[in-house]
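Geometric and topological summary
Now for the letters of each chain:
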Amino acid sequence: MRSTVYRCVPVLCVARLCLAQDPAAASAANPSTHVVVVHARMLIDGTSAQPRANQEILIQGDRITAVYAAGLRPPPPGAEILDLGTATVLPGLIDCHTHIFLQGEVPAAGGYDVQLLKFPASYRVARAVVAARRALEQGFTTIRDVETEGAGYGDVGVKQAINEGYIPGPRMFVSTRAISSTGGYNLEGYAPEIVVPKGAQLIDGPVEARKAAREQLDHGADWIKVYMTHRSWVDEQGGLVSQPTLTVEELRAIVDETHGWRKKVACHAYNGIGLQRALDGGCDSIEHGLELTDAQIAQMVKQGTWLVPTLAVYYHDPEPPDTPGGIRDRKRVAVHGVSFQKALRAGVKIAFGTDVGGFPWSEPIAQEFPRMVEFGMTPMQAIQAATSRGAELLGKRGELGTVAPGAYADLIAVAGDPLADVNALQNVAFVMKNGSVFRSTLRPAGN
Ligand SMILES: [Zn+2]
């Protein structure tokens, strides 16, 4: 039936690697006329409610041009055929909350502070480059990286190097420095006589807030990230309390400026006053949202505010149970799952995000999927949160997170059925970005 059938073996895929020392060579190796037909025994397309068996995906250059039942059309002359065997094919995944410039906050490794105080900028960039590659290896072909933690505009340069083909990595939406208020972000706890670096740009007043947004947008921010809560603890009544940071007026100045540039604002907000100010100030996405009241959930539905819950990260490195920090850590986890369930039931728009970087990049990013399922999503809902819903959050509906004509040719394949066991997404065997195969560990079919 097919004249030229290539099974996807590692040797073949290395030859077609999208990485190139010479970006001109990369574009020459993948001209817009290059045609590929991917055969998918099972396809989860990112938008449909059900998977489809025996599909073929026609790719021209960096875009998908057709998806149809296998055998319905003869392959175009000269087309390369990629048969992914029994693997399940999905769109490239989207993580809407990453930090490539953060290398975990493991206390034994010095936690957060050492990364700003002792790591040279060049070392931080080098490790960010590794983190970006790690995301792509795990099937995350797009990330929204929500601030560099004191590494300035480093994300803009890494994104440029990826786009120009110098280094491998996902498509990046970057937010540069982030914004908080005085007393609203680390580093802190040092002698007041010593000037230490801060992990975000600190502002006070609407004028400074707007100026910071302008600076960050001017230097390449795709999104603006704002911290609306900072410290959190458990009060005498046993409730979780979060210190609010920006005022509504400060946030409104940022949102007004950013929306004028046709860009959006992501707000880190745990609960309480700060989360309420985030909603009243017009944030486009609430990050974490550990404890949402019914009224806040209703406001999110009404305003169309996204929730990027990042469930799994809060299970990392809890402090000892009988300490104030340990009590706080356990309270966070306890309220978070309940809020997620309520938001899901109420129809809040939820996109997949992990906070990876807050936990080490050596760990699987896809550990978020089983948490989302544990708290009430179906595997298909969790997959769509990391594909078409993530694309919608990024303003790229139809172009990312879907296997359909017109979309970028970002595909992954996993052994097994992720609808039966969502943990299958932790073992991504094949990654294609922009029509170029980045990696494949699939065994040759028939061997
Ligand atoms: Zn984060």
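Data block above holds the structure.
Computed from a prediction, not measured in an experiment: that's the story for all the values here.

1. A look at the overall build of the chain
The secondary structure content of the chain amounts to 13 helices and 21 strands. Expected size for 447 residues packed as a compact globule is a radius of gyration near 22 Å; at 22 Å, the chain falls within 12% of this value. In terms of overall dimensions, the chain has a C-alpha envelope of 70 × 45 × 45 Å along the principal axes. Burial statistics for the chain: of 447 residues in total, 54% are counted as buried. Considering only intrachain contacts with a sequence separation of at least 6, the fraction spanning at least 24 residues in the chain is 69%. Surface summary for the chain: the accessible area is close to 17800 Å², and the carbon and sulfur share equals 54%. The averaged location of the 46 negative side-chain charges in the chain is 5 Å from the averaged location of its 42 positive side-chain charges.

2. Some thoughts on the sheet that holds strand β9 (residues 171-174)
Strand order in the open sheet formed by three strands is β7-β8-β9, and the pairing between neighbours is parallel. A strand with exactly one partner marks an edge of an open sheet, and here the two such strands are β7 (93-98) and β9. This sheet shows a mean twist of 15° between the axes of neighbouring strands, independent of strand direction. Bridge analysis of strand β8 (residues 140-145) against β9 gives four bridges, and the strand direction is parallel. In the strand pairing of β9, Arg144 is matched with Phe173.

3. Considerations on the side chain of Gln138
Here Gln138 lies in the loop between α4 (121-137) and β8. Polar side-chain contacts of Gln138 include one of 3.2 Å to the backbone oxygen of Arg134. Non-local contacts of Gln138, meaning those with residues more than four positions away in its chain, are made with Leu93, Trp361, Glu363, Pro364, Ile365 and Val428.

4. Considering the side chain of His268
Locating His268 in the fold gives a position in strand β15 (residues 264-269). The exposure class of His268 is buried, given its relative accessible area of 10%. A distance of 3.2 Å separates polar atoms of two side chains, one belonging to His268 and the other to His288. Excluding its chain neighbours within four sequence positions, the residues that come into contact with His268 are Lys225, Val226, Tyr227, Met228, Thr229, Glu287 and His288.

5. Re the coordination of the zinc ion
Coordination sphere of the zinc ion, protein contribution only: His97 (NE2), His99 (NE2) and Asp355 (OD), at 2.1 to 2.2 Å. Of note, the zinc ion draws all its donor residues from one chain, in the sequence arrangement H-x1-H-x255-D. One end of the pair, His99, is in the loop between β7 and α3 (113-117); the other, Asp355, is in the loop between β18 (349-350) and α11 (368-374), with 256 residues separating them in the sequence. Here His99 and Asp355 have matching classes, each one buried.

6. Details of the pairing of strand β3 (residues 52-60)
Sheet analysis places strand β2 (residues 35-43) next to β3, joined by eight bridges and oriented antiparallel. Within β3, the residue paired with Ala40 across the bridge is Gln55. Alignment of β3 against strand β4 (residues 63-69), held across six bridges, turns out to be antiparallel. What sits directly across from Glu56, in β4, is Tyr68. Taking the residues between adjacent antiparallel strands as the criterion, β3 and β4 are bridged by two residues, where Gly61 takes a positive phi near 65°.

Conventions we followed
- Residues numbered from 1 in each chain as written.
- Predicted model: local features only at pLDDT ≥ 70, side-chain atom pairs only at ≥ 80, totals over all residues.
- Heavy atoms only, no water.
- Helix = DSSP H or I, 4+ residues; strand = E, 2+ residues; numbered from the N terminus.
- Rg over C-alpha atoms; globule rule 2.2 N^0.38 Å.
- Buried < 20%, exposed > 50% of the residue type's maximum accessible area, 1.4 Å probe, protein only.
- Contact = heavy atoms within 4.5 Å.
- Areas by Shrake-Rupley, 256 points an atom, 1.4 Å probe, with all protein chains shown as cover.
- Lys, Arg positive; Asp, Glu negative; His and termini not counted.
- Charge placed at Lys NZ, Arg CZ, Asp CG, Glu CD.
- Pairing = 2+ DSSP bridges.
- Axes fitted to C-alpha atoms, helices over the stretch in contact; angles between N-to-C directions.
- Polar contact = N/O pair within 3.5 Å; in protein donor to acceptor, adjacent residues only side chain to side chain.
- Donors = N, O, S within 2.8 Å, 3.2 Å for Na, K, Ca; no water.

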